[in-house]
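Residues per chain, in single letters:
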Amino acid sequence: MTGGTTTLAPYSMRKSLLALVVYLGSSLAVYADTLDRPHFQVDGIAIVWSADGDGSTPIVSDFLIDDGATNTDLIAADAHTVITGTLTAAESSFSDGAGAALRIQRIRGGPNQDTLQGDTLTTADDVLTPFELRGNTDVRTLNSNILNSFYVATNVPFNIDVIASTSGDLADLDLIRLRMRVAETGSDDGLSFGTAAQFPHSGASDRAGVQWGSYRRLSRLTAGRDIFRGNRRTADAPGSIADQSVRFDLDYRWNTGNIDLSEGVFDVAADMVYTVYIP
């Protein structure tokens, strides 16, 4: 009997303790909530680069963030254009003693001469040789086209608007016309761009998304208007900012063509503002 008592008593205690635990657990339940909501988001980004106001290149001067309500530029400065095909900052005006390139044509007994001597201007550094006149020997300016560019990299579709103004005679803007084209890839002064980019419009051509095909008078742009409408991002594959950038090429043409001496002396300038934004 003693052995039996020794065996049964511990068993009964364990059973009673188990019942107590079950009872307490069902009667004194405790509730606690832990909330966790990880959230990751990348906003629309548009990066514009070319030159800065001091002529340094290549500089990112606009870094736009789209927060869903507005575009915020994280860089206060504005981008300035470069000469197309280079990373040389575009001149905002001709320096003293410089002007459009000249051509002496229909010279007797000799070839034409011009002032395209290492640059696109006529300066005091250019040298002409004596030439014999014919009845139709003439001095003309070379076709006056200014070719400037800027670069854009985005992770979303974007648009570009343009507005033209001048501090001179508004009628001068009738004589200048503008055409835009897009370069998907290239290399300017040793810096490659576009190796991980795509045309920012699904038309996938240098004019897809550009809002007019030929040259448009600047006088028609004084109230501002759209010049490019994209429907996809420039970035097409992983890469650097330059890799994912395309180049926007601006061709300004003096609409009267070659300028004769009868035009006299003149100085015509226009201020062009291009606004890149995420719609």
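Residues numbered from 1 in each chain as written. Predicted model: local features only at pLDDT ≥ 70, side-chain atom pairs only at ≥ 80, totals over all residues. Heavy atoms only, no water.

1. Here's the deal with the confidence of the model for the protein chain
Test applied: In predicted models, pLDDT denotes the confidence assigned by the predictor to each residue on a 0 to 100 scale. Contacts between residues were defined by any pair of non-hydrogen atoms, one from each residue, lying within 4.5 Å.
Mean pLDDT over the protein chain works out to 88, with 88% of the residues at or above the 70 mark. Across residues 1-24, confidence stays below pLDDT 50; counting only partners more than four residues off in sequence or on other chains, it has one contact.

2. Here we look at the nonpolar core
Proteins that are soluble and globular tend to have nonpolar side chains buried together. This is how it is decided: Remark: nonpolar core denotes a set of buried residues (Ala, Val, Leu, Ile, Met, Phe, Trp, Tyr, Cys) joined through side-chain atoms within 4.5 Å. Burial classification: accessible surface area is computed with a 1.4 Å probe over protein chains only, and a residue below 20% of its type maximum counts as buried, one above 50% as exposed, and the rest as partly exposed. To qualify as a helix, a DSSP run of H or I must reach at least 4 residues; to qualify as a strand, a run of E must reach at least 2; elements of each kind are numbered from the N terminus.
Of all hydrophobic cores here, the largest spans 32 residues; its most connected members are Leu178, Phe248 and Tyr274. Elements that contribute at least two residues to this core include exactly strand S1 (44-50), strand S10 (145-154), strand S11 (159-165), strand S12 (176-183), strand S16 (225-229), strand S17 (245-254) and strand S18 (271-277). Among the elements that take part in this core, S17 stands out by supplying five residues, more than any other. Residues contacting Tyr274, with those up to four places away along its chain left out, are Phe150, Ile160, Asp161, Val162, Leu178, Met180, Ile227, Leu250 and Tyr252. Val82, Leu87, Ala89 and Tyr151 belong to the second-largest nonpolar core, a separate cluster that totals eleven residues.

3. Describing the sheet that holds S11
We count it as follows: Pairing between strands is defined by DSSP: at least two bridges between the two strands are required. Think of each axis as a best-fit line through the C-alpha atoms, taken over the contacting stretch in the case of a helix, with angles from 0 to 180 degrees between the N-to-C directions.
Strand order in the open sheet made by the three strands is S16-S11-S18, with antiparallel pairing throughout. Both edges of this open sheet fall to S16 and S18, since each of them pairs with a single strand only. Sheet twist, expressed as the average angle between the axes of neighbouring strands with direction ignored, equals 25°. Here seven bridges tie S11 to S18, and the two strands are oriented antiparallel to one another. When the bridges of S18 are listed, Val162 appears paired with Tyr274.

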